[in-house]
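Structural overview
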Amino acid sequence: MNRMFTTCLIVASLALLRAQTQTAPPRAAAPVTPEKIAQVDTLAAAEYASDSVGGLTVGIVEGSKLVWTKSYGFADAENKKLAARDTVYRIGSITKQFTATMMLQLVEQGKIHLTDPIEKHFPEINKVPKRTPDTPPITLLQVASMTSGLAREPEAPADHSVGPVSGWEQKVLTALPHTTYAYEPGTKYLYSNIGFASLGIALSRAAHEPYTTYVDQHILKPLGMTHTAFEPTPAIRDQIARGYSVRRGEAPEWTTANRELDGRGYRVPNGALFSTVDDLARWISFELGEGPAGVLKKETQDQLYSQVYSADTKFSSGYGIAFNAIRRGNLVAIGHGGSTAGFLSSAIFDRATKTGVIVFRNVTGGKLNPTDLALKALEHVAK
């Protein structure tokens, strides 16, 4: 398939998905009633009963408030510690949304442009071999929207995903020569964790501030997310759930997730954050346009959530700047999921009704799918 035809196909796909979104009948805000909460509780309890390893925490957001949350099962089964409202979970790739917010803040400040080649701020990206000859350099926007063509993961070194947060940038630099281009830039969607890690370094250099410090000072603190961090702090360490991995025919094990407590190697801007249901509710309220003022301009957020850059073959889902958009009838669910060793998460919302759902799970490999549960719950909440 030639480059021009592929590009035209992508443009047509996105135009159709946007047209579907824009022509959906407007819906008034739907109050989260006790009946809706009961429906979500019943749904979550049934899902947990079908796969009762570890724990599950679910939250419902309406406007600026977490209006309901409930936990099921154990944060630490061995020590009989129940999952609770203050349980801390890894949120995995939901971290990418915070990296994207940093990028948009720097755009507002005039320090970068979305169309900047990433090599302008991070020339080491050119250590990635085998870019198609004569293609232009990949841009910040392409990396953030998963259209850069970069492979999902580096092929080496073997320890690229372990190690302290303090050494994450060096891990990226070491991994880049072992990364490849799977597609020509701008021609196809491909989810790239190493791409987002590279984006984090580029943004840090443009901001003249370490990435983790920037996110903490300019995003987490203004949003009041005091129990969200890239590594265990005294405020959260005792509340971190034990992460379980389940394999068929074997007992759940937690040693793999435990090894990652002190760092996930290069996976910092793309998947290192810990958080709680209360903190992530503040994040969803922000995404719903409930402030606080000063984190991003309203027009920036409106533009962000009005556009995707790739779509599936049915034009029912797409990927924007670090978010998924999924259409279910008149509902367009926006947000992101996360997966790390021992932890799964989903945080999605509907801007039309100003409602959202959070699902945390401290188990990987089981039957319960937090993204499916979150979508089903949001369908109840937003109707």
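Whatever comes next refers back to the structure up there.
Okay, so let's go over this structure. (Residues numbered from 1 in each chain as written. Predicted model: local features only at pLDDT ≥ 70, side-chain atom pairs only at ≥ 80, totals over all residues. Heavy atoms only, no water.)

Here we come to the overall build of the protein chain. Helix and strand counts for the protein chain stand at 12 helices and 13 strands. The C-alpha radius of gyration computed for the protein chain amounts to 20 Å, which stays within 12% of the reference 21 Å derived for 383 residues, consistent with globular compactness. Taken along its principal axes, the extent of the C-alpha atoms in the protein chain is 55 × 50 × 45 Å. The burial tally for the protein chain puts 54% of its 383 residues in the buried class. Residue pairs in contact within the protein chain that sit at least 24 positions apart in sequence constitute 72% of those at least 6 positions apart. Here the protein chain contributes 40 positively and 36 negatively charged side chains, and the mean placements of these two sets differ by 3 Å. (Helix = DSSP H or I, 4+ residues; strand = E, 2+ residues; numbered from the N terminus. Rg over C-alpha atoms; globule rule 2.2 N^0.38 Å. Buried < 20%, exposed > 50% of the residue type's maximum accessible area, 1.4 Å probe, protein only. Contact = heavy atoms within 4.5 Å. Lys, Arg positive; Asp, Glu negative; His and termini not counted. Charge placed at Lys NZ, Arg CZ, Asp CG, Glu CD.)

The next subject is the packing of helix H2 (residues 34–49) against helix H12 (residues 370–381). Remark: H2 packs on H12, axes separated minimally by 9 Å, with the N-to-C direction vectors making an angle of 160°. When the interaxial angle is binned, H2 and H12 end up roughly antiparallel. Where H2 crosses over H12, the two elements pack in a sense that is right-handed. Across the interface between the two elements, Lys36, Gln39, Val40, Leu43, Ala44 and Glu47 from H2 touch Leu373, Lys376, Ala377, His380 and Val381 from H12. Split into classes, the residues belonging to the contact of H2 with H12 amount to 6 nonpolar, 2 polar and 3 charged. (Axes fitted to C-alpha atoms, helices over the stretch in contact; angles between N-to-C directions. Parallel < 35°, antiparallel > 145°, perpendicular 65-115°, else oblique. Left-handed = near helix turned anticlockwise from the far one by under 90°. Nonpolar A, V, L, I, M, F, W, Y, C, P; charged D, E, K, R; others polar.)

If you trace the 9 strands from one edge of the open sheet to the other, you get E3-E2-E1-E12-E11-E10-E9-E8-E7, paired in antiparallel fashion. At either end of the open sheet lies a strand with only one pairing partner, and these are strand E3 (81–82) and strand E7 (310–311). Across the sheet, helix H10 (residues 277–287) lies against strand E1 (55–62), strand E2 (65–76), strand E11 (343–350) and strand E12 (355–361), angled at about 145° from E12, the strand it touches most. In the packing of H12 onto the sheet, contacts are made with E1, strand E9 (324–328), strand E10 (331–340), E11 and E12, and the angle to E12 comes to roughly 155°. (Pairing = 2+ DSSP bridges.)

What follows deals with the packing of aromatic side chains. Within this structure, the stated rule accounts for 9 aromatic pairs. Measuring from ring centre to ring centre gives 5.6 Å for Tyr189 and Tyr319, while their planes differ by 50°; the resulting arrangement is tilted. Here Tyr189, found in the loop between helix H6 (168–175) and helix H7 (193–207), pairs with Tyr319, found in strand E8 (residues 317–319); they are 130 residues apart in sequence, far enough to count as distant. Among the residues examined, Tyr319 registers a relative accessible area of 1% and is labelled buried. Taken together, the aromatic side chains of Phe98, Trp283 and Phe286 make up a single cluster linked through ring pairs. Above the plane of the ring of Phe74 lies Lys80, whose end atom (NZ or CZ) is 5.7 Å from the centre. Positioned above the aromatic ring of Phe196, the side-chain terminus of Lys96 is 5.9 Å from the ring centre. (Phe/Tyr/Trp six-rings, centres within 6.5 Å; stacked < 30°, edge-to-face > 60°. Lys NZ or Arg CZ within 6 Å of the ring centre and 35° of its normal.)

The next subject is the pattern of salt bridges. All told, the structure shown has 19 salt bridges when counted by the stated rule. A salt bridge links Asp278 to Arg85, with the shortest nitrogen-to-oxygen separation between them at 2.7 Å. Of this pair, Asp278 sits in helix H10 while Arg85 sits in the loop between E3 and strand E4 (89–90), and the two are 193 residues apart along the sequence. Classification of Asp278 by relative accessible area gives partly exposed; the value is 23%. (Salt bridge = Lys/Arg side-chain N within 4 Å of Asp/Glu carboxyl O.)

Mapped onto the secondary structure, Glu108 falls in helix H3 (residues 95–108). Taking the C-alpha atoms as reference points, Glu108 and Pro164, 56 residues apart in sequence, are found 31 Å from one another. For Glu108, the contacting residues outside a window of four places in its chain are Val295, Leu296, Lys297 and Thr300. Within the local environment of Glu108, its side chain forms a polar contact with the backbone nitrogen of Lys297, the two atoms lying 2.9 Å apart. Only 2.5 Å separates the side chain of Glu108 from the side chain of Thr300, close enough to count as a polar contact. (Polar contact = N/O pair within 3.5 Å; in protein donor to acceptor, adjacent residues only side chain to side chain.)

This paragraph deals with empty space enclosed by the protein. Counted according to the given criterion, the structure contains 1 cavity of 30 Å³ or more. In terms of lining, the largest cavity is formed by 13 residues, of which the most central are Gln97, Thr101, Glu287, Leu304 and Tyr305. Of all the secondary structure elements, the ones that give two or more residues to the lining of the largest cavity are H3, H10 and helix H11 (298–304). Grouping the constituent residues of the lining of the largest cavity by class yields 9 nonpolar, 3 polar and 1 charged. (1 Å grid on protein atoms, 1.4 Å probe; cavity = no way out; pocket = protein on both sides within 12 Å on 5 of 7 lines; lining within 4 Å. Points joined across faces, edges and corners; volume = space filled by probe spheres on them.)

Next up on the list: the pairing of E12. Where burial is concerned, most of E12 is hidden: 7 out of the 7 residues are buried. Residues Thr355, Val357, Val359 and Arg361 line one face of E12 and the alternating positions Gly356, Ile358 and Phe360 line the opposite face, and both faces are buried. When E1 meets E12, the two strands line up antiparallel, connected through 7 bridges. Within E12, the position partnered with Glu62 by the bridge is Thr355. Counting the residues between successive antiparallel strands, the hairpin from E11 to E12 contains 4 residues, one of them, Lys354, with a positive phi of roughly 55°.

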